[in-house]
Amino acid sequence: MAADPSVPTAGGPPETGVSLHLLGGFRLLHGPVPVVVPRGLQRVIALIGLRPGATRSQLAGLLWPDAPEERALSSLRTALWRLRQDPCCPMTVAGDSVRLGPAVRLDVDELVGTAARVRDGDDARTAAGALAAGRHDLLPGWYDDWVLLDRERLRQLRLHMLERVAGQHLVAGRHGEALEAALEAMAAEPLRETPHRLVVRIHLAEGNAFEAVHAFYVYRDLLRRELRLEPSPAMSALLDDTLAPIRAASRETSRDAVVDRPSPAGRRT
């Protein structure tokens, strides 16, 4: 494990900070310089980042779930020894627990922190940063059980964060920003109803009835095609007032067509 000497630094000495990126793929950086880490040690570092303060037994059990406990602990000791030989080592050991060093920046922590600030109603700058936060999945291509659980946890965290941002902007009358956040959530999960419902509400708030109806039917057709389901009653109810005159006119046209239909030849009327 060492900094990649083939990567040039951008003007001046490299920064001393270490950053660990797990969203979109594993990357460990020493300043701007990538650190080359073998795949087996990547798993150890990633788990330590996602389970701060976990005990050695907990880490070993997650990393080597099919091995006997003693063998798993032995494998962990070897991995930790290898990591600690490197000057770019991003972790600290305190007693039985292992965690990232206090100066190591972790992109997952930044996503979680942004979501917390959005939840607490921080300023618009936080909301603007939320759109880009966590745009990529956790460690794509990794299929360990602990990765799959955290990947879904972070995906749901981001979806709820984006929906909250859209809702906050909608209440404040910032319709453009609200639509941008709702569309970002929609792109992350196209079949999820909540962002589609937000898009319909935003268009209605702007007085764009056509856009609202169009957004509803696009989602309805997608849901029918992919899952053979219908939008929820809550979503359909959003357009009741908008569609009521159209439905009434359609019913009136149908009744008129029945009344004006000519009788079959020879039948008494």
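Residues numbered from 1 in each chain as written. Predicted model: local features only at pLDDT ≥ 70, side-chain atom pairs only at ≥ 80, totals over all residues. Heavy atoms only, no water.

1. Some remarks on the overall build of the chain
Right, so step 1: When helices and strands are counted, the chain shows eleven helices and seven strands.
Right, so step 2: The buried share of the chain, taken over its 269 residues, is 39%.
Right, so step 3: As displayed, the chain has an accessible area near 15400 Å², and 54% of this comes from carbon and sulfur atoms. (Helix = DSSP H or I, 4+ residues; strand = E, 2+ residues; numbered from the N terminus. Buried < 20%, exposed > 50% of the residue type's maximum accessible area, 1.4 Å probe, protein only. Areas by Shrake-Rupley, 256 points an atom, 1.4 Å probe, with all protein chains shown as cover.)

2. Some points on helix α3 (residues 69-84)
Right, so step 1: For α3, which comprises 16 residues, the first-to-last C-alpha distance of 22 Å matches the rise-based estimate of 22 Å (1.5 Å per residue) to within 8%.
Right, so step 2: Residues of α3 that are buried: Ala72, Leu73, Leu76, Ala79, Leu80 and Leu83. With its buried residues spanning 125° around the axis, α3 presents them on a single face. Facing away from the buried surface of α3 by more than 90 degrees, the exposed residues are Glu70, Arg71 and Trp81. (Expected span 1.5 Å × (residues − 1). Arc of directions from axis to C-beta.)

3. Comments concerning unusual backbone geometry
Right, so step 1: In this structure, Leu139 is a non-glycine residue whose phi angle is positive, near 40°.
Right, so step 2: If you trace the backbone, Leu139 turns up in the loop between α5 (124-130) and α6 (145-171).
Right, so step 3: Positive phi, normally seen in glycine, also occurs at Arg228, with a value near 55°.
Right, so step 4: Looking at the secondary structure, you find Arg228 in the loop between α9 (209-227) and α10 (233-238).
Right, so step 5: When its relative accessible area of 78% is taken as the criterion, Arg228 is described as exposed.

4. Things to note about the pairing of strand β4 (residues 33-36)
Right, so step 1: The side-chain alternation of β4 yields one buried face, formed by Val33 and Val35, and one unburied face, formed by Pro34 and Val36.
Right, so step 2: The sheet contact formed by strand β3 (residues 27-30) and β4 spans two bridges and is antiparallel. Residue pairing in the sheet places Leu29 in a bridge with Pro34 of β4. (Pairing = 2+ DSSP bridges.)

5. With respect to the side chain of His21
Right, so step 1: Structurally, His21 is set in strand β2 (residues 18-21).
Right, so step 2: The class for His21 is buried, based on a relative accessible area of 17%.
Right, so step 3: In this structure the side chain of His21 is engaged in a polar contact, spanning 3.3 Å, whose partner is the side chain of Ser19.
Right, so step 4: Apart from residues no more than four positions distant in its own chain, His21 is found in contact with Phe26, Arg27, Leu29 and Asp107. (Polar contact = N/O pair within 3.5 Å; in protein donor to acceptor, adjacent residues only side chain to side chain. Contact = heavy atoms within 4.5 Å.)

6. Thoughts on the environment of Arg39
Right, so step 1: Along the chain, Arg39 turns up in helix α1 (residues 39-50).
Right, so step 2: Residues Arg39 and Phe26 lie 13 residues apart in sequence; the distance between their C-alpha atoms is 9.4 Å.
Right, so step 3: With residues up to four places along the chain from it excluded, the contact list for Arg39 reads Gly141 and Trp142.

7. Observations concerning the side chain of Gln42
Right, so step 1: By the secondary structure assignment, Gln42 is in helix α1.
Right, so step 2: A relative accessible area of 16% means that Gln42 is categorised as buried.
Right, so step 3: Among all residues touching Gln42, those that are not within four sequence positions of it are Phe26, Val37 and Trp142.

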